[in-house]
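Results of the structural survey
Chain by chain, the residues run as shown.
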Number of protein chains: 2
Amino acid sequence: MTMSQFDTETRMTAQGGSVYTGHVHPHWSIGANPNGGYLLSLAVAALRQAVPQHPDPLSITVHYLRPGLPSQDCEVRTQVVRSGRTLSTCRATLVQDGAERLEVLAAMGDLGAGSDARLSIEAPPMPSPAECVPRSGHSQGVHLPLLDRLEILLHPEESDPAGARRAQVTGWIRFKDGREPDTAAALLFTDTFPPSVFGLLGMVGWVPTVELTVHIRRRPSAGWMLGQFRTHDLNDGRMIEDGLLWDAQGHLIAQARQLALVRQPG
Amino acid sequence: MTMSQFDTETRMTAQGGSVYTGHVHPHWSIGANPNGGYLLSLAVAALRQAVPQHPDPLSITVHYLRPGLPSQDCEVRTQVVRSGRTLSTCRATLVQDGAERLEVLAAMGDLGAGSDARLSIEAPPMPSPAECVPRSGHSQGVHLPLLDRLEILLHPEESDPAGARRAQVTGWIRFKDGREPDTAAALLFTDTFPPSVFGLLGMVGWVPTVELTVHIRRRPSAGWMLGQFRTHDLNDGRMIEDGLLWDAQGHLIAQARQLALVRQPG
């Protein structure tokens, strides 16, 4: 059995105590920087070993302190702040080259096969994957190695920033190698679409994430996942982007929100 | 000059290093437990001393580990994870009686007089405070000392859980003693309304917050603030509640989201 690219490239090795080491593979980058969702996946891979009884991130917040370093090793220092029957509250710090890159605070739990949705948010109408437009491997002159790992198909009416009129991006996503999604994948997928403000602002220089919080609501079914990301709040160069992910059966899997800076090209 | 109740009752004293001590005053409780927003305010009061150049919580996440203890002292241990020109990333842990109660991760900054809102979320239509209904000092047999400190006036169509049909609560809020709101107050106000699921479920036993994340978008003007809280996502006893706060001039001040457990009475 061959491990998937995602599992291989987020593998963390316990060093004893609460420290785990791994490698930041260059295949998950946006331009020169490792994707934030990928770096978070490394931290979560360590947390899943720290609290194996609670593999699912029910709530996870990450603050991005500095860019990650592709093709270099990393260390994740974990701390179980409190562990109860239904959830474990954990911290994780991802370090490269002696400097802290990510600071994570999470409530890990076990979503099991739960499915009692009393209230939920429905997936929007969406053309089939065959009718959608691949996210380009180049964007504003930036190479996206990430797209060698992920297949991202955008709504045809939103795929061209120049033609869009609002800050919204909707698309299908899956691993290129056929690995099926789980809650770790859902977490990754909340931070791998183009920034939704591209549709409103056109060219933007850079949209660094300050903080991302994701709530995973249930385990996804096999198949494509559908993501929708919107920005309703952009103030003094700081935007709040809301994201939703559904699985192939139309179940809501994740809610995400991030605070990002919008840097217009000078 | 007399200090306000809020400022007096969230006063934290530096003990040297990065530790601050204070007291959990009993006036901010819901039944026997200190309100979560109030406990968070104690942690923020410490952080504001730790990074005085960055007084505003641009993004703050709190995990509630255990209930607080009213009428007892508390200690807040702070750590500045990274401090830059525009923001400081900080941790804080609130401890009482030797046990960690709150774990906080925040990006603190300086909102100044900024006002360049490119996108925002408009306040909903709302009857004037005179037409609204005070949040009762008793709820489901539980005494709310908090309402000796805060004036909360609910939308007349949402004030009676028995008559409501959806998980939404909208209301005006201000300090009873006339203290004007600032970003610390806005943070408090995101966690002091009745749980929005009351309107959908009627009687609920207890809605403990697991995690709350608040983004403060700008400094509020003087006067009443308007809050609206909704639950669109309730799955397997875990709800996501979204909250918005506007100031008296209609500016969006805060976006909040919390993960809470819904415990139906047995």
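Just so you know, these numbers come straight off a predicted model, no measurement behind them. In this numbering scheme, every chain counts its residues from 1 along its sequence in written order. Key to labels: chains lettered from A, ligands numbered from 1, both in the order written. Given that the model is predicted, a residue must reach a pLDDT of at least 70 before its local features are reported, and side-chain atom pairs must reach 80 or more before they are shown or counted; all residues, however, enter totals for whole chains, interfaces and linings. Hydrogens and water are ignored here; the side-chain numbers use all heavy atoms of the structure.

1. Brief notes about the relation of the copies chain B and chain A
This is how it is decided: For this overlay, a least-squares fit was computed on C-alpha atoms, restricted to residues scoring pLDDT of at least 70 in both copies. Working rule for contacts: check all heavy atoms of both residues, and any pair within 4.5 Å makes them a contact.
It takes a turn of 180° to lay chain B on chain A, together with a shift of 0.0 Å along the axis; the resulting RMSD is 0.0 Å. Interpreted geometrically, this transformation is the action of a two-fold axis. Interface residue correspondence from chain B to chain A reaches 100%, placing this contact among same-surface, isologous pairings.

2. Digging into the confidence of the model for chain A
This is how the line gets drawn: Note on scores: pLDDT gives the predictor's confidence for each residue, bounded by 0 and 100.
Looking at chain A as a whole, the pLDDT averages 92, with 93% of positions reaching at least 70. As scored by the predictor, the complex reaches a pTM of 0.96 and an ipTM of 0.95.

3. Things to note about the interface of chain B and chain A
Put simply, the rule reads: Buried area is understood as the total, over both parts, of accessible area removed when two parts are fitted together, assessed with a 1.4 Å probe. Criterion for a salt bridge: a side-chain nitrogen of Lys or Arg within 4 Å of a carboxyl oxygen of Asp or Glu.
Taken residue by residue, the interface counts 51 residues in chain B and 51 residues in chain A. At the boundary of chain B with chain A, total buried surface from both sides reaches about 4,600 Å², with 52% on carbon and sulfur atoms. Of all residues in chain B, B:L119, B:R217 and B:R257 bury the most surface against chain A, accounting for 16% of the area lost on that side. Where chain B packs against chain A, one counts four salt bridges. Put simply, A:D242 and B:R257 hold a salt bridge, and the shortest N to O gap is 3.6 Å.

4. Comments concerning the pattern of salt bridges
Here is the rule we go by: Here a helix means four or more residues in a row that DSSP labels H or I, a strand means two or more in a row labelled E, and each is numbered from the N terminus. Relative accessibility under 20% of the residue-type maximum defines a buried residue, over 50% an exposed one, and the middle range a partly exposed one, all with a 1.4 Å probe and only protein chains included.
As enumerated under the stated definition, the model contains 24 salt bridges over all chains in all. Of the charged contacts, one joins A:R217 and B:D233 as a salt bridge, the two residues approaching to 2.8 Å between their closest N and O atoms. Of this pair, A:R217 sits in the loop between strand 15 (209-216) and strand 16 (225-235) while B:D233 sits in strand 16 (residues 225-235), each in a different chain. In this pair, the class of A:R217 matches that of B:D233, namely buried. Put simply, A:D7, A:R48, A:R179 and A:D182 are held in one network by salt bridges that share partners.

5. Observations regarding the pairing of strand 14 (residues 168-175) of chain A
All names here are of chain A. Here is the rule we go by: The pairing criterion is simple: DSSP has to find at least two bridges between the two strands.
Among the eight residues that make up strand 14, seven are buried, leaving the element largely enclosed by the rest of the structure. Sheet topology places strand 13 (residues 150-154) next to strand 14; five bridges connect them, and they run antiparallel. Within strand 14, the residue paired with I152 across the bridge is I173. Where strand 14 lies against strand 16, six bridges are found, and the strand directions are antiparallel. Note on strand 16: the bridge partner recorded for W172 is L226.

6. Concerning the environment of B:H63
With respect to the helices and strands, the residue B:H63 is situated in strand 5 (residues 56-64). Classification of B:H63 as buried rests on a relative accessible area of 1%. A sequence separation of 119 residues divides B:H63 from B:D182, and the C-alpha atoms of the two residues are 23 Å apart. Apart from the residues within four sequence positions on either side, B:H63 is in contact with A:S59, A:T89, A:L105, A:A106, A:A107, B:R101, B:L102, B:E103, B:V210 and B:E211.

7. Regarding the side chain of A:T192
All names here are of chain A. For clarity, the cut-off: Polar contact criterion, stated in full: a pair of N or O atoms within 3.5 Å, where within protein one must be able to donate a hydrogen and the other to accept it, and residues adjacent in sequence count only if both atoms are side-chain atoms.
One can find T192 in the loop between helix 3 (183-189) and helix 4 (198-201). Polar side-chain contacts of T192 include one of 3.3 Å to the backbone oxygen of F189. For T192, the residues in contact, after removing those within four places along its chain, are N35, R135, L146, L150, I152 and I173.

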